[in-house]
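Geometric and topological summary
So the chains spell out like this:
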Amino acid sequence: MSHWSVEHHGGVAKLTFTRPPHNYIDFASIADLGDVLEQLAQQTDQVKVVMLTGGVDDIFVGGGDVSDLQRAGRGEIPDGMPSWLRLTRLLRDIPQPTVAAIGGRATGGGNELALACQMRIGSEKAWLGQPEVTLGITPGGGGSQRLPRLIGPGAAADAILRGKIFTADEALRLGWLNAVLPADGFVDAAVAWCQEMADLPSTALFASKRVFVRGLELPLEEGIDYEIKEFLDVVGTSPEFDEFIRQDEQ
């Protein structure tokens, strides 16, 4: 049985991971989430934003399942890391923006899952980090690559080389989190936060995600060229922009 549940709230698909007691994510759950994302990618008429959250108190995703990681390291789960790469690429490539709603602990693989999303929001009780070095291993899910690109090499070095854990307020100041919401009623508030984005014109929202994601991976001039192409495609076809022009001309 999958540890992921899916609920629809307006234009927001809320995906909740519940695997007590520690909410460690195993490779089967990684594959399940990839399957869910592939399905949601085909539902752009109904789903405008995808939000991931944790179903165990005070934990988003506590990290990777240790036994699975050991078995993968011994070559006993050959499809383990490919399933993770598939998942993170889907979070990048599906049309809808993806948001990690972090109500508590997000360390190791949990933080790496959040980093693969375009946006991250946390409760006041959230804490984030890449503490693998303190356990005698290294990040293995993109943390050593995505985190420095997001918050800069200095702060990322504290997380990756010293194993420092960051509070919600610290993460917000660094841009690791986009917003911090009250812990009481956090998930509902996070859905409402995502709904504000889901209410925006779909064509523009999906195109803006493409420009944002792809531009981060391109040299500046190529990124600008790509932005111009998307702009011209959208400005020529957007019904919302046509309506704006009509109202502006009145």
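Provided above is the structure to which this section pertains.
Note that the coordinates shown come from a computational prediction; the quantities given were computed from them, not determined experimentally. (Residues numbered from 1 in each chain as written. Predicted model: local features only at pLDDT ≥ 70, side-chain atom pairs only at ≥ 80, totals over all residues. Heavy atoms only, no water.)

**Concerning the side chain of E112**
Along the chain, the position of E112 falls in helix α4 (residues 109–115). One buried charged residue, E112, forms no salt bridge at all, with the nearest opposite charge on R146 at 7.1 Å. Here E112 is in contact with W84, Q130, E132, P139, G140, G141, G142 and G143, once residues within four sequence places are set aside. (Helix = DSSP H or I, 4+ residues; strand = E, 2+ residues; numbered from the N terminus. Buried < 20%, exposed > 50% of the residue type's maximum accessible area, 1.4 Å probe, protein only. Lys, Arg positive; Asp, Glu negative; His and termini not counted. Salt bridge = Lys/Arg side-chain N within 4 Å of Asp/Glu carboxyl O. Contact = heavy atoms within 4.5 Å.)

**Thoughts on the sheet that holds strand β8 (residues 105–107)**
Pairing between the strands of a sheet comes from backbone hydrogen bonds, and it takes one of two forms, parallel or antiparallel. The four strands lie next to each other as β5-β8-β10-β11, forming an open sheet whose pairing is mixed. Either end of the sheet is taken by a strand with one partner, and the two such strands are β5 (59–61) and β11 (165–167). Mean inter-strand twist for the sheet, computed between neighbouring axes without regard to direction, equals 20°. (Pairing = 2+ DSSP bridges. Axes fitted to C-alpha atoms, helices over the stretch in contact; angles between N-to-C directions.)

**Things to note about the environment of G110**
Here G110 lies in helix α4. Exposure remark for G110: the relative accessible area of 0% places this residue in the buried category. In the structure, G110 is positioned 19 residues away from G129 in sequence and 8.9 Å away in space, judged by C-alpha atoms. If sequence neighbours within four positions are ignored, G110 has contacts with F60, V61 and G63.

**Quick word on unusual backbone geometry**
The step from P20 to P21 runs through a cis peptide bond, and the omega angle for that step is 5°. Within the fold, P21 resides in the loop between β2 (12–17) and β3 (24–25). In the Ramachandran plot, N23 falls in the positive-phi region, its phi being about 60° despite a non-glycine side chain. Within the element layout of this structure, N23 appears in the loop between β2 and β3. For N23, a relative accessible area of 0% corresponds to the buried category. In this structure, D58 is a non-glycine residue whose phi angle is positive, near 65°.

**A look at the pattern of salt bridges**
For the structure on display, the rule yields 14 salt bridges. As a salt-bridge pair, D93 and R92 come within 2.7 Å of each other at their nearest N and O atoms. Overall, the relative accessible area of 47% leaves D93 in the partly exposed class. Ionic pairing is found between R210 and E230, a salt bridge with its closest N-O pair at 3.0 Å. Of this pair, R210 sits in helix α10 (residues 202–216) while E230 is found in helix α11 (residues 220–235), placing the two residues 20 residues apart along the sequence. The class of R210 is partly exposed, set by a relative accessible area of 38%.

**Observations concerning helix α6 (residues 143–151)**
Along an α-helix, residues three or four apart share an orientation, since each turn contains 3.6 residues. Every buried residue of α6 is listed here: G143, L147 and I151. One side of α6 carries all its buried residues, which in axial view fall inside an arc of 20°. For α6, the secondary structure elements touched by its buried residues are α4, α7 (153–162) and α8 (168–174). (Arc of directions from axis to C-beta.)

By themselves, these are just geometric observations and shouldn't be taken as functional.
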